[in-house]
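Topology and contacts: notes
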Amino acid sequence: IIYNGSNRLIVEAINLDSKKTYYSNSTKDNEFIMELLPEGYYSLLSYEDKNPLGNKDYFSGLWEPYIPAAKFSNILDSVEVRARWDITGIVMEIKD
């Protein structure tokens, strides 16, 4: 994940058929690993971990007191996951 901020990042994979959501945290190098995902097509999203409740939900910000929303990035196309296959080279960029 290309990211210049200081927040921890969360990566979310949503199975397009079952709608089940899987989460992973980024490493200190902003890389991520999602292990043992069931086969299927997934939508991927990464965002800053800014939720004040401490859960993994995306934080959309507050008006009063003003707290900006978490920055995010997503993959526009779906990603196919196959059994016992590694997928590498997925790049997401969270812009300032």
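See the structure shown above.
Quick look at the structure, then.

So, how was this worked out
Residues numbered from 1 in each chain as written. Predicted model: local features only at pLDDT ≥ 70, side-chain atom pairs only at ≥ 80, totals over all residues. Heavy atoms only, no water. Buried < 20%, exposed > 50% of the residue type's maximum accessible area, 1.4 Å probe, protein only. Helix = DSSP H or I, 4+ residues; strand = E, 2+ residues; numbered from the N terminus. Pairing = 2+ DSSP bridges. Core = buried A, V, L, I, M, F, W, Y, C linked by side-chain atoms within 4.5 Å. Contact = heavy atoms within 4.5 Å. Phe/Tyr/Trp six-rings, centres within 6.5 Å; stacked < 30°, edge-to-face > 60°.

Notes on the pairing of strand β1 (residues 9-15)
Where burial is concerned, most of β1 is hidden: six out of the seven residues are buried. Bridging between β1 and strand β3 (residues 40-48) involves seven bridges; their strand directions are antiparallel. The residue of β3 that forms the bridge with L9 is E48. Here β1 runs beside strand β2 (residues 21-25); their pairing, made up of five bridges, is antiparallel. For I10, the partnering residue across the bridge sits in β2 and is N25. The turn joining β1 and β2, which pair antiparallel and follow one another in sequence, is formed by five residues; a positive phi near 65 degrees is taken by K19.

A look at the nonpolar core
Within the largest apolar cluster, 14 residues are counted, with the highest numbers of intra-cluster contacts made by I1, A13, M34, L37 and L44. Looking at this core, the elements that each hand over two or more residues are β1, β3 and β5 (79-81). When residues of this core are assigned to their parent elements, the largest contribution, three residues, is made by β1. Once residues within four sequence positions are removed from consideration, M34 is found in contact with V11, A13, Y22, Y23, S24 and L44.

Considering the packing of aromatic side chains
In the structure shown here, the tally under the stated rule is three aromatic pairs. Their ring planes at 65 degrees and their centres at 6.1 Å tell us that Y22 and Y42 sit as a pair that is edge-to-face. Residue Y22 is found in strand β2, and its partner Y42 is found in strand β3; the two are separated by 20 residues along the sequence. When its relative accessible area of 1% is taken as the criterion, Y42 is described as buried. Geometrically, the ring pair formed by Y58 and F72 is edge-to-face, given 5.8 Å between the ring centres and 85 degrees between the ring planes. Pair noted here: Y58 is in the loop between β3 and β4 (72-74) and F72 is in strand β4, with a separation of 14 residues, a long-range link. Of the residues examined, Y58 reaches a relative accessible area of 32% and is grouped as partly exposed. Judged by relative accessible area, F72 falls into the partly exposed class, the value being 47%.

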